[in-house]
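Structural overview for review
Listed here are the chains, written in short residue letters.
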Amino acid sequence: MTENQTENITKPDNKKDNQTNNRTINSNRAKNRPERHNPHLPDKKVDTIRRQSIIWRVLPIVVVAVLMLLVINDYATRQRRLTIERAEYAADQIAENVASEIAATIGYAASSIRAVSTSIATGMTSEELTDPHAVIDPLLAATPFEAIEYIRADGMNMMTVGEPFDASDRVYYKEGIKGHTGIWNNHHPKYSKETLVNFYTPLIYEGKIVGVITGYISANAQLVAFLENDFFGEPVVGLLYDGDDMVICSTVAETFVKDLTLDKAFAGKGFTKEQLDDLLTKLKSGPCETAVFEASTGEGRLSISSIKGTDWHVAIIIRPPSFQVVAYESSQNATRMIVLITLILVISFASVSCASAGSGKPSGCAMRRWRKKTGGSMRPITGLLK
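Residues numbered from 1 in each chain as written. Predicted model: local features only at pLDDT ≥ 70, side-chain atom pairs only at ≥ 80, totals over all residues. Heavy atoms only, no water.

**Quick notes on the overall build of the protein chain**
- Counting its secondary structure elements, the protein chain contains 12 helices and 13 strands.
- Residues counted as buried form 38% of the 386 residues belonging to the protein chain.
- Sequence separation of 24 or more characterises 57% of the internal contacts of the protein chain that already satisfy a separation of 6 or more.
- Carbon and sulfur atoms make up 55% of the accessible area of the protein chain, which totals about 22700 Å². (Helix = DSSP H or I, 4+ residues; strand = E, 2+ residues; numbered from the N terminus. Buried < 20%, exposed > 50% of the residue type's maximum accessible area, 1.4 Å probe, protein only. Contact = heavy atoms within 4.5 Å. Areas by Shrake-Rupley, 256 points an atom, 1.4 Å probe, with all protein chains shown as cover.)

Shown next as structure tokens:
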């Protein structure tokens, strides 16, 4: 080995040291130099991509929320309609049940008065009862009547609360002496302070009509109880009236009013003149399925049923406040539950969406659109958005 070769081996590599020093200086200069934006990625483009990324994350949430609101609205409408139909059906059922119960009571009373007349006639020895109390009083306990009266052929009522009086002008005598059996409502009784329902039939002795037997019941004492009903926990107005539009009894009568007509019964009950006329027209038109009527407090419901064998009608009136409680609050409870479930679903969806976007990277759609415009890589964008 020569002297020059030995010197080259031991001589330090100054070229490599210079390269290392240059790299260190350039690195320090880069650190001290202000950061410059990528000239290929303007700030406006970055902001646009950020906005698009946010929009595409929020848009599904908005769409889901709108769809759920539409579903809730449709459900609430259907639920309200179904609840109203059920409520109206229930009102019809109440009216029909009340009419059936009253018809059964009337039928029993009518058969009872015929049985009493037959029993009296069987024990008669002449055309006139000399001691009607002794004959009739023992029969009273087996009947639904509060009292039974005997009217002679000349029209004198011999068994009454007061003194005997001429009953020849009373309907029960005029019809009974002709051989008819029927019912007459005494809206203007001489002694009683409530409407009396008289059941009458002829008294026949040896094939001849020799008088009239009539028994009566108090409408308030025996019939008004059938009208007292609840409509899903809400009290209803029950009304019993005859073919002459005279009120027999009702659940709203505070005091007895003789010769009470439908017009008087609803006067001052929260109706305008037009509303009252509409309600009275519906009441006077006879039996009907549930009808809508207007009052100052809103819409109510009315159901009317006829009583078999009579010209009587039963009206079940659902006051507007009661109907609204049943028809609307029950459906609102179901709607509230659906809304609550919807909110939980939307919030859960939003939480999952935000968690998946926590890296701050633009959405796949935004990335594809940027590549299409620039034909470049998305790495600089991803670095700036981190």
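**Some words on the environment of A109**
- With respect to the secondary-structure elements, A109 resides in helix α3 (residues 43–123).
- Counting along the chain gives 106 residues from A109 to G215, while the straight-line C-alpha distance between them is 8.3 Å.

**Topic: the side chain of T214**
- Mapping T214 onto the fold places it in strand β6 (residues 208–218).
- A polar contact of 3.3 Å, which involves the side chain of T214, links it to the backbone oxygen of F199.
- Filtering out sequence-adjacent residues up to four positions away, T214 remains in contact with I113, A147, I148, E149, I151, Y172, N198, F199 and Y200. (Polar contact = N/O pair within 3.5 Å; in protein donor to acceptor, adjacent residues only side chain to side chain.)

**Comments concerning the sheet that holds strand β11 (residues 288–295)**
- One open sheet holds the 5 strands; their spatial order is β10-β9-β13-β12-β11, and the pairing between them is antiparallel. Each of the sheet's edge strands pairs with one partner strand only, and the pair in question is β10 (247–250) and β11. In this sheet, neighbouring strand axes are inclined to one another by 25 degrees on average, regardless of whether the strands run parallel or antiparallel.
- In this sheet, strand β13 (residues 313–318) lies alongside strand β12 (residues 298–306) in antiparallel orientation, the contact comprising 6 bridges. Its bridge partner lying in β13, R301 is registered against I318.
- Sheet strands in contact with helix α9 (residues 273–284) are β9 (237–241), β11, β12 and β13, and its direction is about 170 degrees off that of β11. (Pairing = 2+ DSSP bridges. Axes fitted to C-alpha atoms, helices over the stretch in contact; angles between N-to-C directions.)

**Considering the confidence of the model for the protein chain**
- For the protein chain, per-residue confidence averages 78 on the pLDDT scale, and residues scoring 70 or more make up 71% of the total.
- The spread of mean pLDDT over the elements of the protein chain runs between helix α12 (residues 379–385), the lowest at 46, and strand β5 (residues 196–205), the highest at 96.
- Under a pLDDT of 50 for its full length, residues 1–11 has, in the predicted model, 2 contacts with residues more than four places off or in other chains.
- Here residues 380–386 scores under 50 on pLDDT; set against residues more than four positions off or in separate chains, the count is 13 contacts. (pLDDT = per-residue confidence, 0-100.)

**Here we look at the nonpolar core**
- Residues I102, F231 and L240 are the most contacted members of the largest nonpolar core, which totals 48 residues.
- When residues of this core are traced back to their parent elements, those giving at least two are α3, β1 (147–152), β5, β6, α7 (224–227), β10, β13 and α10 (320–356).
- Top element by residues in this core is α3. It accounts for 17 residues.
- Residues contacting F231, with those up to four places away along its chain left out, are A87, A90, A91, I94, V236, I318, F323 and V326.
- One finds L279, L283, L302 and A315 within the second-largest nonpolar core, a separate group that totals 18 residues. (Core = buried A, V, L, I, M, F, W, Y, C linked by side-chain atoms within 4.5 Å.)

**Remarks on the pairing of β6**
- Counting buried residues in β6 gives 9 out of 11 residues, a clear majority hidden from the surface.
- Where β1 lies against β6, 6 bridges are found, and the strand directions are antiparallel. Bridge pairing in β6 places E149 opposite T214.
- Relative to β6, β5 runs antiparallel, the two sharing 10 bridges.

**Topic: the packing of aromatic side chains**
- Throughout the structure, instances matching the rule amount to 5 aromatic pairs.
- Ring centres of Y172 and W184 lie 5.6 Å apart, and the angle between their planes is 55 degrees; on these two criteria the pair is classed as tilted. Here Y172, found in helix α5 (residues 171–176), pairs with W184, found in strand β4 (residues 182–186); they are 12 residues apart in sequence, far enough to count as distant.
- Take Y172: its relative accessible area is 2%, and that puts it in the buried class.
- A relative accessible area of 17% places W184 in the buried class.
- Centroid distance F231 to F232: 5.0 Å. Interplanar angle 85 degrees. Geometry classified as edge-to-face.
- We classify F232 as exposed; its relative accessible area is 55%.
- Among the aromatic residues, those joined into a cluster by ring pairs are F266, F271 and F293. (Phe/Tyr/Trp six-rings, centres within 6.5 Å; stacked < 30°, edge-to-face > 60°.)

**Structural notes on the side chain of T105**
- With respect to the secondary-structure elements, T105 resides in helix α3.
- Here T105 falls in the buried class, since its relative accessible area comes to 19%.
- Ignoring anything within four residues of it in the chain, the contact list for T105 reads L223 and F226.

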